Amino acid sequence: MSMQNPVFIPGPTNIPDSVRKACDMGTLDHRSPAFARMFKPAVEGVRRVLKMSDGEVIVIPSTGTGGWEAAVTNTLSPGDTVLAARFGMFSHRWIDLCQRHGLNVEIIETPWGQGAPVSAIEAALRADHEGKIKAVLATHNETATGVKSDIAGIRRALDAAGHGAMLFVDGVSSIASMPFDFAGWGVDIAVAGSQKGFMLPAGLAILGVSPKAIAAMETAGLPRTFFDFNDMLSAYARGGYPYTPAVGLIAGLAHSIDLLESEGMDNVYTRHQRLAEGVRRAVFAWGMTPFASTADLYSDTVTAVKVPEGCDGTALVQLAATKYGMAFGVGLGEVAGKVFRIGHLGMLTEAMVLSGLCVAEMCMADLGWPVKLGTGVAAAQEYYRGTVPALALAAE
Ligand SMILES: *Cc1c(COP(=O)(O)O)cnc(C)c1O
C-alpha cells in the first residue's frame with residue numbers, strides 16, 4: 001500500500017503518529033479558556049523555534065502562500081517598492097503575489113541554481129538614495145532548486161548600505177529543519193507553513209513578526225481582513241481568535257514542537273544535514289549532481305537532482321508513484337523534466353532515506369538510465385555507517 005511508504009516530496013512531509021493523534025480531538029469551544037491554554041504553548045514554541053527575542057507570533061488557518069500575502073498586506077501600501085531576487089519557482093510566486101497586489105517589485109533576475117545574490121542586493125540598496133525600497137524579500141530555501149540563501153548576509157547587506165528596509169524571509173521549507181535566527185538576522189517577518197518542518201498536515205500559516213513590521217501596519221494601505229495582524233493580536237490578548245481557529249492543527253503544532261525540542265533543535269538540524277549529505281553522496285555515485293550550482297548552496301531539506309541528458313525526471317517521479325507507491329518531487333517551471341527532487345525533511349531517519357534512494361535507483365534501472373543498481377544506496381550507506389547516527393544523537 002503506497003500509504004505505508006514514506007514520502008520524499010519537500011512538503012507535505014511524513015506525519016509522526018503522535019502528531020496525527022494530537023491533531024485528532026473533539027470539538028473545543030475556541031472562546032473557552034481551554035483554547036487559550038492550548039494556544040499559548042504553540043505560540044511560545046514557535047517563538048523559540050524561530051529564535052525570536054521580541055515581536056509577535058501569528059498563526060493563521062492558511063498555508064505558506066497565505067503567509068506571503070499576510071506579510072505584504074499588513075505592512076505595505078499599493079505602489080510601494082520591494083526588492084526581491086528570482087531564482088526558482090517559489091521566489092517567483094512570491095514576486096507574482098506582490099505584483100498582483102499592486103506592489104512595484106524591483107527584481108534581481110538570478111540564474112536558477114544560485115541563491116539570493118547578496119552583493120547585488122547590497123548594490124540595489126545602496127543605489128536607492130530616496131529609500132523607496134520598503135522591504136527586501138528573501139526565499140531562505142528555494143524548494144524548486146534545492147538552494148539555500150544566506151539570510152545573515154542579506155542582513156549585513158542592509159546594514160552595510162545603511163538601509164532601513166524591512167527583511168521578509170520565506171522559511172516555509174527551512175524553518176524547523178535548518179537553523180533559523182529571527183533575532184540574530186534581524187528578520188522582520190518570517191513565514192512558515194505547518195506541513196513541512198513542523199510535520200503537520202497543511203492548514204496553518206505560521207509567522208514571526210518584528211515590532212518594526214507591526215509598526216509598519218499603521219501606514220500600510222493594502223486591503224486586508226482575514227490576514228489582519230491587529231485583529232489577530234487584539235483577539236490573542238483576550239485569549240481568543242478573531243474567527244474559528246484550526247484547533248486540531250494548533251494542538252498538533254504544540255505537540256510537534258515538543259517532539260522537535262525533545263530531540264533538541266540542534267540535533268534536528270544535524271540530522272537533516274546528515275540525511276541530506278547521504279542523499280548527495282548517492283547522487284554523485286549515480287554520476288549525477290545536485291542542481292544547486294555550488295556546495296555552499298546545497299539545501300539540507302531538498303535535493304533537486306540534475307538528470308542525465310536524454311532522461312526525463314518527471315518520468316521517474318511518475319514511475320515511482322505508479323509502480324512502487326513512492327512520492328518524489330517533479331521539476332517545476334524551467335527545470336521541468338531536467339530534475340527530480342528528493343525531499344529529505346521532517347520525520348525521517350537514515351533507514352527511511354535509504355528506502356527512497358533504493359526506489360529511485362530501481363526506477364532509473366527500469367527507465368534504462370545509465371545507473372548501476374546499488375551504487376547510490378551503497379554510497380549513502382557508507383556515509384551513514386561512518387558518521388554518528390541521528391538516533392544516537394537524539395538519545396544523548
Ligand atoms: C511549500 C512552499 C511554499 C508554499 O507553501 P504552501 O503551503 O503550499 O502555500 C512557499 N515557499 C516555499 C519555499 C515552499 O517550499
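Residues numbered from 1 in each chain as written. Predicted model: local features only at pLDDT ≥ 70, side-chain atom pairs only at ≥ 80, totals over all residues. Heavy atoms only, no water.

1. Some thoughts on the sheet that holds strand β10 (residues 289-290)
The condition that has to hold: In short, DSSP must find at least two bridges between two strands for them to pair. Only DSSP runs of H or I covering at least 4 residues are called helices, and only runs of E covering at least 2 are called strands; the numbering of each starts at the N terminus.
Pairing within the open sheet is antiparallel, and its four strands lie in the order β10-β11-β13-β12. The open sheet has two edge strands with one neighbour each: β10 and β12 (329-330). Relative to strand β13 (residues 339-343), strand β11 (residues 302-306) runs antiparallel, the two sharing five bridges. By the bridge assignment for β13, Val 302 is matched with Gly 343.

2. Regarding the side chain of Asp 300
Inclusion rule: Here a polar contact is recorded for every N or O atom pair within 3.5 Å, except that within protein the pair must consist of a potential hydrogen donor and a potential acceptor, and residues adjacent in sequence are included only if both atoms are side-chain atoms. Any two residues having at least one pair of non-hydrogen atoms within 4.5 Å are treated as being in contact.
Topologically, Asp 300 is positioned in the loop between β10 and β11. Here Arg 280 takes part through its side chain, which lies 3.3 Å from a polar atom of the side chain of Asp 300. Ignoring sequence-local partners within four residues, the contact set of Asp 300 consists of Lys 148, Met 178, His 272, Gln 273, Ala 276, Arg 280 and His 344.

3. Notes on the packing of aromatic side chains
To keep things clear, this is the line we draw: By convention, a stacked pair of Phe, Tyr or Trp rings (six-membered ring in the case of Trp) has centres within 6.5 Å and planes under 30 degrees apart, an edge-to-face pair has planes over 60 apart, and any other such pair is tilted. A 1.4 Å probe rolled over the protein chains alone gives each residue an accessible area, and that area as a share of the maximum for its type sets the label: buried under 20%, exposed over 50%, partly exposed in between.
Within the structure shown, the criterion is met by 14 aromatic pairs. Summarising the aromatic geometry, the rings of Phe 35 and Tyr 241 are spaced 5.9 Å apart at their centres and angled 90° between planes, so their arrangement reads as edge-to-face. Separated by 206 residues along the polypeptide, Phe 35 in helix α2 (residues 33-50) and Tyr 241 in the loop between α8 (229-237) and α9 (247-263) bring together distant segments of the chain. No difference in accessibility class separates Phe 35 from Tyr 241, as the two residues are buried. Where Phe 39 meets Tyr 241, the ring centres are 5.7 Å apart and the plane angle is 75°; that geometry is what we call edge-to-face. Pair noted here: Phe 39 is in helix α2 and Tyr 241 is in the loop between α8 and α9, with a separation of 202 residues, a long-range link. With respect to class, Phe 39 is no different from Tyr 241; both count as buried. An aromatic cluster of three or more residues is present, and its members are Phe 35, Phe 39, Phe 226, Phe 227, Tyr 236, Tyr 241 and Tyr 243.

4. Remarks on the site of the ligand
Let me state the cut-off plainly: A molecule or strand has a residue near it when one of that residue's heavy atoms lies within 4 Å. Here the Shrake-Rupley method, with its probe set to 1.4 Å, supplies the accessible areas, and only the displayed protein chains count as covering residues. Residues are sorted three ways: Asp, Glu, Lys and Arg are charged, Ala, Val, Leu, Ile, Met, Phe, Trp, Tyr, Cys and Pro are nonpolar, and all the rest, Gly among them, are polar.
Around the ligand, the surrounding shell consists of Thr 63, Gly 64, Thr 65, Trp 68, Phe 90, Asn 141, Thr 143, Asp 170, Val 172, Ser 173, Gln 195 and Lys 196. Gly 64 places a polar main-chain atom, nitrogen or oxygen, 2.9 Å from an oxygen atom of the ligand. For the ligand, the accessible surface in isolation is 380 Å², of which the surrounding protein chains cover 88%. Considering every element that reaches the shell around the ligand, the biggest residue donor is helix α3 (residues 64-75), with three residues. Tallied by class, the residues present in the shell around the ligand amount to three nonpolar, seven polar and two charged.

5. Things to note about the domain arrangement of the protein
To keep it simple, the criterion reads: For every domain, the bounds stem from an assignment made automatically or drawn from a database. Summed over both partners, the accessible area lost on bringing two parts together, with a 1.4 Å probe, is the buried area.
When its domains are assigned, the protein resolves into domain 1 (17-261) and domain 2 (265-395). Of note, the centres of domain 1 and domain 2, computed from C-alpha atoms alone, are 28 Å apart. Contacts between the two partners involve 25 residues from domain 1 and, on the opposite side, 23 residues from domain 2. Summed over both sides, the interface of domain 1 with domain 2 buries roughly 2100 Å², with 64% coming from carbon and sulfur. If you sort the residues of domain 1 by the area they bury against domain 2, Trp 112, Lys 148 and Ser 177 come out on top, with a joint share of 27%. At the surface where domain 1 touches domain 2, the tally comes to seven residue pairs in polar contact (both at pLDDT 80 or more). Contributing elements (two or more residues each) for the side of domain 1 that touches domain 2: α4 (89-100), β6 (147-148) and α9. In terms of residue class, the side of domain 1 that touches domain 2 is made up of twelve nonpolar, ten polar and three charged.

6. Observations regarding helix α5 (residues 118-127)
Rules: For this quantity, the arc is that covered by the directions from the helix axis to the C-beta atoms.
Buried within α5 we find Ile 121, Ala 124 and Leu 125. Angularly, the buried residues of α5 cover 100° about the axis, an arc narrow enough to put them on a single face. Of the exposed residues in α5, those oriented more than 90 degrees away from the buried face are Ser 119 and Ala 127. Residues of α5 that are buried sit in contact with β2 (81-86), β3 (104-109), β4 (133-139) and α6 (151-160).

7. A look at the nonpolar core
Side chains of a nonpolar character, in soluble globular proteins, are inclined to be buried together. Definition in use: In these notes, a set of buried Ala, Val, Leu, Ile, Met, Phe, Trp, Tyr and Cys residues joined through side-chain atoms within 4.5 Å is what counts as a nonpolar core.
Counting 101 residues, the largest nonpolar core has Val 136, Phe 198 and Leu 207 as the members making the most contacts within it. With residues near it in sequence (within four places) discarded, Val 136 still touches Leu 83, Ile 121, Leu 125, Ile 154, Leu 158, Ala 165, Met 166, Leu 167 and Phe 168. Counting residues in each nonpolar core, the second largest holds 32 residues, with Leu 316, Ala 360, Cys 363 and Val 377 among its members.

8. As for the pattern of salt bridges
Oppositely charged side chains may form a pair once their charged atoms are brought near each other. Inclusion rule: What counts as a salt bridge is simple: a side-chain nitrogen of Lys or Arg found within 4 Å of a carboxyl oxygen of Asp or Glu.
Counted under the stated rule, the structure contains 15 salt bridges. A salt bridge links Arg 126 to Glu 122; the shortest N-O distance between them is 2.7 Å. Pair noted here: Arg 126 and Glu 122 are both in helix α5, with a separation of four residues, about one helical turn. The partly exposed category is assigned to Arg 126, whose relative accessible area is 44%. Since its relative accessible area comes to 22%, Glu 122 is described here as partly exposed.

9. Here we look at the packing of α2 against α9
Formally: Axis geometry follows a simple rule: fit a line to the C-alpha atoms, using only the stretch in contact for helices, then measure angles between N-to-C directions, giving values from 0 to 180 degrees. Convention used here: angles under 35 degrees read as roughly parallel, angles over 145 as roughly antiparallel, angles from 65 to 115 as roughly perpendicular, and any remaining angle as oblique. Helix crossings get a hand from a simple test, with the near helix turned counterclockwise from the far one by less than a right angle marking a left-handed crossing and a clockwise turn marking a right-handed one.
Axis separation between α2 and α9 bottoms out at 9 Å; the angle between their running directions is 45°. In terms of their interaxial angle, α2 and α9 are classed as oblique. Both α2 and α9 take part in a crossing whose hand is left-handed. Between α2 and α9, the residues in contact are Phe 35, Met 38, Phe 39, Pro 41, Ala 42, Gly 45, Val 46, Arg 48 and Val 49 and Val 247, Ile 250, Ala 251, Leu 253, Ala 254, Ile 257 and Glu 261, respectively.

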